[in-house]
Amino acid sequence: MLDDFLVRAALAGLGVGLAAAPLGCLVVWRRMAYFGDATAHAAILGVALSLAFDMSIFTGVLVVALSMALLVSTLSGRGYAMDTLLGVMAHSAIAFGLVAVSFVSGVRIDLMAYLFGDILAVGKSDLVVIWGGAALVLGLLCWRWQALLTATLNPDLARASGIDPERERLVLTLALALVVAVAIKVVGTLLIAAMLLIPAAAARPFARTPEAMALIAAVFGAVSALGGLQASLWFDTPTGPSVVCLAALIFLAASLVDVLRRAAQGGRQAK
Amino acid sequence: MTALIELSGARAKLGGREVLSGVDMRLERGEIVTIVGPNGAGKSTLMRVIIGAVPLQGGRLTRAPGLRIGYVPQKLQIDPTLPLSVRRFLSLPVRVSDAAAAEALDHAGGAGLEDRQMADLSGGQFQRVLLARALLNRPDLLILDEATQGLDQPGSARFYRLIENLRQELGCAVLMVSHELHVVMAASDRVLCLNGHVCCEGTPEHVASAPEYRALFGSGTQGALALYRHQHDHEHGAGCDHDHDHAHHHHHEGETNA
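First, a word on what this report is: a plain description of the structure on this page. (Residues numbered from 1 in each chain as written. Chains lettered and ligands numbered in written order. Predicted model: local features only at pLDDT ≥ 70, side-chain atom pairs only at ≥ 80, totals over all residues. Heavy atoms only, no water.)

All names here are of chain B. Mapped onto the elements, Cys193 comes out in strand 8 (residues 190–194). For the pair formed by Cys193 and Thr34, sequence separation is 159 residues and the distance between their alpha carbons is 8.4 Å. Those residues in contact with Cys193, other than ones at most four positions away along the chain, are Val36, Val198, Cys199, Cys200, Val207, Tyr213, Leu216 and Phe217. (Helix = DSSP H or I, 4+ residues; strand = E, 2+ residues; numbered from the N terminus. Contact = heavy atoms within 4.5 Å.)

Examined against the element boundaries, A:Thr152 turns out to sit in helix 6 (residues 124–153). Residues in contact with A:Thr152, not counting those within four places in the same chain, are A:Leu26, A:Trp29 and A:Arg30.

This part takes up the pairing of strand 8 of chain B. All names here are of chain B. Judged by how many residues are buried, strand 8 sits mostly within the fold: 5 of 5 residues are covered. Side chains of strand 8 alternate between two faces, with Arg190, Leu192 and Leu194 and Val191 and Cys193 buried alike. As defined by bridge partners, strand 3 (residues 32–36) adjoins strand 8 across 4 bridges and the pair is classed as parallel. By the bridge assignment for strand 8, Thr34 is matched with Val191. Here strand 8 hands over to strand 9 (residues 198–202) after 3 residues, with Gly196 in that stretch at a positive phi of 85°. (Buried < 20%, exposed > 50% of the residue type's maximum accessible area, 1.4 Å probe, protein only. Pairing = 2+ DSSP bridges.)

Attention shifts here to the interface of chain A and chain B. Taken residue by residue, the interface counts 22 residues in chain A and 29 residues in chain B. Buried surface at the junction of chain A and chain B, both sides included, amounts to about 2,200 Å², of which 56% is carbon and sulfur. Three residues stand out in chain A for area buried against chain B, namely A:Gln146, A:Leu153 and A:Arg208, and they jointly supply 29% of the buried area on that side. Our enumeration of links across chain A and chain B arrives at 3 salt bridges. At the boundary of chain A and chain B, one finds 12 residue pairs in polar contact (both at pLDDT 80 or more). (Buried area = accessible area lost by both parts, 1.4 Å probe. Salt bridge = Lys/Arg side-chain N within 4 Å of Asp/Glu carboxyl O. Polar contact = N/O pair within 3.5 Å; in protein donor to acceptor, adjacent residues only side chain to side chain.)

Counting 157 residues, the largest nonpolar core has B:Leu131, B:Leu141 and B:Leu175 as the members making the most contacts within it. If one sorts the elements of this core by residue count, helix 1 (residues 5–29) of chain A sits on top with 12 residues. Dropping the residues within four chain positions of it, B:Leu175 is found in contact with B:Met25, B:Leu27, B:Val33, B:Ile35, B:Met47, B:Ile50, B:Leu141, B:Leu142, B:Ile143 and B:Leu144. (Core = buried A, V, L, I, M, F, W, Y, C linked by side-chain atoms within 4.5 Å.)

Residues and elements named next belong to chain B. Reading across the sheet, the 3 strands line up as 2-1-4 and stay open at both edges, with antiparallel pairing between neighbours. Both outer strands of the open sheet, strand 2 (17–27) and strand 4 (58–63), are each paired with one neighbouring strand and no more. Each adjacent strand pair in this sheet contributes to an overall mean axis angle of 30°, direction not counted. Judged from the 5 bridges that link them, strand 1 (residues 5–14) and strand 4 form a sheet pairing that is antiparallel. Bridge pairing in strand 4 places Ile5 opposite Arg63. With respect to the sheet, helix 1 (residues 43–51) is in contact with strand 1, strand 2 and strand 4, its orientation differing from that of strand 1 by roughly 120°. (Axes fitted to C-alpha atoms, helices over the stretch in contact; angles between N-to-C directions.)

Have a look at this one:
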C-alpha cells in the first residue's frame, strides 16, 4: 500500500494536518501568528545549511527553526514591538536562506520544492519522520495542555498556581519548530503558517471549549490535506497550495455559517 | 504560629525602575489586609512578588511551607478566539469535579454560571467566576488585585461583603489591593499604606488618621474618607488639615506583635 505515491502523499498530508491544527489553536489564542511565520520562513535557511553540510533536511530545518524561535523570544520586549521584530526576522531569514542556497551548487532546481512543498515525492523514510514528528508534537501538547492553557490565559495566574509561563512558552516553541520541520516537505516553508492558522480560525465559531476547537481544527486540517490532494489531481494544480486553498474555502464557509447563525439568533431575539 | 507570608527588606524592580525599596510586612492566618497607595506605589508589584511572578532584587520572602494561594488578577483579558466556558475555566490548571465547581461558584455568588462563555459574562459575574476559581485551590491565602475594577459602588460593596463572609466560612487570609478606600478599609483588619515601602500600617482607623496616609491621599479623597469616617467612626468633619510633610518617621501601630 505504501508503494503507491498517492497513499504516501495522503498519509503525509494527514499527519501534518492533524499535528499542525491543534498547535495552531494555541498560536491563534496567544496571537503568535507571525511568530509561526517567522519560524517557518527560517526553515529555508535550514534547508541551505543542510545541503551545505550534508545533513538531513529535517535536522537542519529543526535546528534553524528552533534557533530562530528562541532568538525571537529572547529579543522580544527589548525595545522593538513584536510585529516589527518578527517582520525583520522572518524576511531576513528567507532572504539569507535564498542567498545561502545559491552558494550550494546544483540545488537551484529543487528550491521550489522547499518553498511550496513536494508532497507527491514523499518517500517511506519521510513518512516515518512526519508521523514521528506529528506524534511527538501531539504528545507534547497533550502532556502540557492544562499548563499551556493556563499560561495562555494569564502568566500571573499560571505563576500563582506554580506553573512557569516561560517554560510553557519554550514547550510551544519546540512544538512549532517540530511542525515546521515535518511540514516543509508537504506544504513548503511559505505555506506552513497557513496550515497552523487557517483550520484553527475556521474551527472557532463551532467550539465552546478549547479542546473542542483543537479537535475541530484537526478535522478541518485533515480534510484540507486529503481534499487538497484530491483536488490537485482533478485540476492538475500544485498540491501544497491546493491544500491551503481548500483550508481557506473551509474557513470562508465556516465564517458564512457563523454570520448566518448570528443573524438568525439576532432575528429571534428581536421578536 | 508562623506567618503565612513574611517579607523583610524586599526590593523589586519593574522595567528598570525600583518600585519596591525595602518592604517589610507580615501576614497572619485568617486576617484581611488591604494595601492602599498612590498610582505607581508598587501595589501590584508587591502582589506579583508574593505569587512569585517578580523576582526579588534584595531582601527576603518567606512563605509558610505548603502555602496554597488563590489569586484573583487585576484583569484577565480572554482573547476572543479562545472559546472558554465557565466550567472549563474552573478546571484550570487542575481538573475539578462538577460538584466541586458548582460548590465554588455557589460560594463566590455565581451559582449556575457553568455553561456560560467567559466572554459573555458581565463584569460582576466575571469577578465572581475568577474568585470561584481561586477558591477551588482551597487557599490559605486569597490575593485580590483590584478585584472590583469595573464594578459600580454597590457592586463592589457586595463583593467585599462576600470576601468577608468567605473568610469566615473558609478561614483563609485575604490580601487585597484597592483604590476604593472607604469600602475596602471598612472590610479590613489591617491596612498597609504603600509607597515604595510601607509608610504606615495598622487598623483602618489608625491609618486613616496617620499623617503619612494624609500626605499621600490628602486632597483627592477627602469625600471618601469623610464618608468612611462618618460610617465607622462617627467622627464628623474629618481630615481637614493638610499635612504634607511625608517624612520617613514611620508610624507603626501594634508592631510589637510582629
